[in-house]
Amino acid sequence: MNASASTTAPLAQPMRFGIVGMTCASCVTRVERSLKAVPGVAQASVNLATEAAEVAFDGTVPAPTLVAAVEKAGYAVATSTVELIIEGMTCASCVARVERALKKVPGVLQASVNLATERARVQVLGEVPTSRLVAAVADAGYGARPLATETAAQTPETRPHPLAAKETRHLILAIALSLPLVLPMLALPFGQHWMLPGWLQLVLATPVQFWLGARFYRAGWHALRAGTGNMDLLVAIGTSAGYGLSVYHLLAGAAHHGQLPLYFEASAVVLTLILLGKWLEARAKRQTTEAIRALQALRPATARVRRGGTAVEVPIGEVAVGDEVVVKPGERIPVDGTVIEGRTHADEALITGESLPVAKNEGDRVTGGAVNGEGLVVVRTAAVGAETALARIIRLVEDAQAKKPPIQQTVDRVSAVFVPVVMAIAALTLLGWGLYSGDWSAAILNAVAVLVIACPCALGLATPTAIMAGTGVAARAGILIKDAEALEIAHKVRTVAFDKTGTLTEGKPVLSEHVALDGDHARLLALAAALQAHSEHPLAKAVIAAFGGAQPAAAADVRAVPGRGVRGTVDRRALLLGNEAMMREAGIDTALLSARAEAFGASGHTVSWLGEDGAELRLLGLLAFRDQPRAGAAEAVARLHRLGIRTVMISGDNLGAATAVARQLGIDSVRANVTPDRKADAVRALREGGAVAMVGDGINDAPALAAADVGVAMGSGTDVAMHAAAITLMRPNLDLVAAALDISRRTTRKIHQNLFWAFGYNVVGIPLAMLGLLDPVIAGAAMAFSSVSVVSNTLLLRRWSPRA
């Protein structure tokens, strides 16, 4: 930058970021002017060649403000995403604090933290060093490290196990030290007084409090330093109060009917129960990620590649596109590619959810991660590493699990004030009981119960664990849900709109009949085949298939007429092959076959006309095509009806053909003669009656998919359709549409149930503790198992299947 720094304040480190959409010098001027108008921006310089802006500040300017300035000028900014592994989080308030710390870093646009996966996803503007993000998290009292790109390729066996041996040992020791303290309490109802001497209770409780429970002190101290609170702080203060009161009574020797009023067992047992709850919670959280770990385990570490005529086993990272990979029977296919030698069956169950092996012959595509069946095959590599279908599937599922649904925003707002409110309630309980009764020991115990019963963990786990379990079992069934928001919206869907061709039908029309006016049906078919010989249109392929293996006559001057058909010259005859509008515009009368055409249309056929456009305009005949309904389509529609969902077909076909298919499948209503560019308008009109899901092929129907509340793409797992809609079906099975809506409803229901229990523990427990009706040990048990109950409820989703 050539500009000098401000004299009133030193300029901050300049921020550099990319600008998208500039084409000329006037664009540069416009962006610079917009950036300089932002308060706090001292200088702004934009380079058209590098498509980058460099901004210097004389104050603090949030990154979103810079983005808004660029967008106001009519351009966009280039952003990137950084993923971090966060260590030390224990509850929802920890999530809020980490997000707040990350958002304060200059250049950060958004930060989303997931308690269940213990990851943070940070969207940054320009080049924000990862070390700066890690430092911000550390200042907030937590640990952070970047999620390296190679982490995604690690198998579950190489990933750090969440149930660390150290934590298990600590739990066992805590139970062993606490049992002698709690067993005498259990004997009291039976008239047995086995209370241990006070000094022995002190010896047993101290290691639990300050060694095994040190994690709560450390995390609580970090929270205090950051000026906030978390669950660990509540636990540390609560148990320390009970322990400290006991030590005071023990040292003072105060007698209470011959017995010292000691509460060592309360503090030790509370800590032990919370450690047990954490252990169970980690174990349960691991179970919610089984589906994604199963997908990760499908990646072979090596591949057998032909090099110099021989097959050499090499690390998977060394395989390149175009390499020929040899796959033996029973092995996993290591790459995406095409079979060039051999034939076999491939088990793709864990990738597409297809339960039966799929036949693979020469020329067929195979997906990395599938299990090769009985035959040895050679595969020419088409994609490796992060570009394989399996890698993209894993990435989509992880993205969905990392994102937050709208309902989580409410939970985050509650969590942000949860701990301070609980601390205030505990202080009021202490003062109220102490001043009212004069029994400060009882006041302390009641305040301890308030601190210990509070359950911010359950609040933080209620939503993300349900999202992880729901998206995981859906992926296992061949249903890819793009993000958590789509999962939450899908449960509201009341109407499902289907594209016809390729969705409700096979998308492979066949020529069912051809009628020539002069009776020479074979000649009619030969002329049509000549016109269609080099076309890739589905109807053209049907004509060629019906013509057989013979070589059609050569056609000259063949050209497509958009929205009408094709025209050309065969045997010096100018011919037209297309729809009725094409004939009408050419002046060819179709009346002689109109009755036959109407009959074909009423029975679900698509009609094309063949006419001669020469010196004499005349009709030669018609061709009737039929696209067979997809297997299981009628059953899939019936299942949607059982879910209380209305079905609609949106088709470009004529009303007769569309209605015939709709009647055969049980579709409620039809929108016919809808051109591709008008499908989005048809979907928007349907949305006036409630949330709408649009089911299409994910490419031709992209505008309609985007216009729907939830777009559902029929994909194969190797298609760009995976990115065209909120939900992608990995195999062309329409039954998965109802299954996708069903798992959405069940997952949303689990989220609501989890939040009910999480809030219920607090709404019921805290008032009971304030009134002195809750023993600290019972409060600790309730707090510890609130998280476990929430996650255990979520795990019930693992039993779901598309046919459940």
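Residues numbered from 1 in each chain as written. Predicted model: local features only at pLDDT ≥ 70, side-chain atom pairs only at ≥ 80, totals over all residues. Heavy atoms only, no water.

### Considering the overall build of the chain
To keep things clear, this is the line we draw: A run of H or I in DSSP counts as a helix once it spans at least four residues, and a run of E counts as a strand once it spans at least two, with each numbered from the N terminus. Each residue is assigned to one of three classes by its accessible area relative to the maximum for its type, calculated with a 1.4 Å probe on protein chains only: buried under 20%, partly exposed between the two thresholds, exposed over 50%. Contacts between residues were defined by any pair of non-hydrogen atoms, one from each residue, lying within 4.5 Å. Accessible surface area values rest on a Shrake-Rupley calculation with a 1.4 Å probe, where residue burial reflects the displayed protein chains alone.
Secondary structure assignment for the chain yields 27 helices and 30 strands. Referenced to the eigenvectors of the C-alpha coordinate spread, the extents of the chain come out at roughly 120 × 75 × 65 Å. Taken across its 804 residues, the chain has 50% of its residues classed as buried. Across the chain, contacts joining residues at least 24 apart in sequence account for 68% of those joining residues at least 6 apart. Of the roughly 35400 Å² that the chain leaves accessible, carbon and sulfur atoms contribute 57%.

### Some details on the UniProt feature "domain: HMA" (unreviewed entry) in the chain
As a reminder, the rule being used: UniProt positions are given in the numbering used here, feature names are shortened, and annotations may be inferred rather than shown by experiment.
UniProt records the feature "domain: HMA" (unreviewed entry) at residues 13-78 and 80-145, using the numbering of this structure. Note that residues 80-145 is 33% helix and 38% strand, and that its end C-alpha atoms are spaced 17 Å apart.

### Here we look at the sheet that holds strand S2 (residues 41-47)
Our working rule: At least two bridges found by DSSP between two strands are what make those strands a pair.
Across the sheet, four strands lie side by side as S2-S3-S1-S4; this open sheet has antiparallel pairing. Taken across any chain shown, the strands that pair with only one partner, and hence form the sheet edges, are S2 and strand S4 (76-77).

### A few points about the packing of helix H14 (residues 440-453) against helix H27 (residues 776-795)
Formally: Axis definition: a line fitted to C-alpha atoms, limited for helices to the stretch in contact. Angles are taken between N-to-C directions and run from 0 to 180 degrees. For classification, angles of less than 35 degrees are called roughly parallel, those exceeding 145 degrees roughly antiparallel, those between 65 and 115 degrees roughly perpendicular, and all remaining angles oblique. Polar here means any residue other than Ala, Val, Leu, Ile, Met, Phe, Trp, Tyr, Cys and Pro, which are nonpolar, and Asp, Glu, Lys and Arg, which are charged; Gly is therefore polar.
Where H14 contacts H27, the two axes come as close as 8 Å, and the packing angle between them is 5°. Between H14 and H27, the angle is such that the two are roughly parallel. Seen from H14, the contacting residues are Leu 445, Val 448, Ala 449, Val 452 and Ile 453; seen from H27, they are Pro 776, Ala 779, Gly 780, Ala 782 and Met 783. In terms of residue class, the contact of H14 with H27 is built from nine nonpolar, one polar and no charged.

### Focus on helix H7 (residues 214-225)
Keep this limit in mind: Expected span of a helix, by definition, is 1.5 Å for each gap between consecutive residues, and there is one gap fewer than residues.
Its twelve residues place the ends of H7 17 Å apart at the C-alpha level, agreeing with the 16 Å of an ideal helix rising 1.5 Å per residue. Of all the positions in H7, only Ala 214, Phe 216, Ala 219, Gly 220 and Ala 223 are classed as buried. Phi turns positive one or two residues past the end of H7, at Gly 227, with a value near 80°.

### Here's the deal with the environment of Leu 147
If you trace the backbone, Leu 147 turns up in the loop between strand S8 (143-146) and helix H5 (165-187). When the C-alpha positions of Leu 147 and Ile 425 are compared, they lie 39 Å apart, and in sequence the two are 278 residues distant. Ignoring any residue separated from it by four or fewer positions in sequence, one finds Leu 147 in contact with Glu 83, Leu 84, Ile 85 and Arg 119.

### Some words on a nonpolar patch on the surface
Worth spelling out the cut-off: Each patch is built from residues that are more than 30% exposed by relative accessible area and take part in no salt bridge. Like charges join if they lie within 9 Å; nonpolar side chains (Val, Leu, Ile, Met, Phe, Trp, Tyr) join within 5 Å. What makes a salt bridge here is a side-chain nitrogen of Lys or Arg within 4 Å of a carboxyl oxygen of Asp or Glu, nothing more.
Taken together, the side chains of Phe 759, Val 763, Val 764, Leu 768, Met 770, Leu 771 and Leu 773 present a nonpolar region at the surface, about 630 Å² in accessible area. Along the chain, Val 763 falls in helix H26 (residues 735-770). For Val 763, a relative accessible area of 57% corresponds to the exposed category.

### Overview of the pairing of strand S17 (residues 377-383)
Among the seven residues of S17, five are classified as buried, and the element is accordingly described as predominantly covered. Bridge count between strand S11 (residues 324-327) and S17: four bridges; the pairing is antiparallel. Of the residues in S17, the one forming a bridge with Val 326 is Val 378. Both strand S12 (residues 336-341) and S17 contribute to a ladder of five bridges, which runs antiparallel. Counted as the bridge partner of Val 339 is Val 379 from S17.

### Concerning the confidence of the model for the chain
Rule in force here: Values of pLDDT, ranging from 0 to 100, describe the predictor's confidence in every residue of the model.
For the chain, mean pLDDT is 82; residues scoring 70 or higher make up 91% of the total. The spread of mean pLDDT over the elements of the chain runs between helix H11 (residues 349-352), the lowest at 72, and strand S26 (residues 646-650), the highest at 94. Confidence drops under pLDDT 50 across residues 149-163; counting only partners more than four residues distant or on other chains, this segment forms 20 contacts.

### Details of the packing of aromatic side chains
The criterion, for reference: Only Phe, Tyr and Trp rings are paired, with Trp represented by its six-membered ring, and only when their centres lie within 6.5 Å; those with planes under 30 degrees apart are stacked, over 60 edge-to-face, the remainder tilted. Note on criteria: charge over ring means Lys NZ or Arg CZ within 6 Å of the ring centre, with the direction from the centre no more than 35 degrees off the ring normal.
Going through the model one piece at a time under the given rule, you end up with four aromatic pairs. Ring plane angle 75° and centroid distance 5.5 Å describe the contact between Phe 756 and Trp 757, whose orientation is recorded as edge-to-face. Given a relative accessible area of 58%, Phe 756 falls into the exposed group. Overall, Trp 757 belongs to the partly exposed group, its relative accessible area being 48%. One aromatic cluster is present, built from ring pairs that chain together Phe 210, Tyr 217, Tyr 243 and Phe 264. When the ring centre of Phe 216 is taken as origin, the NZ or CZ atom of Arg 215, which lies over that ring, is 5.5 Å away.

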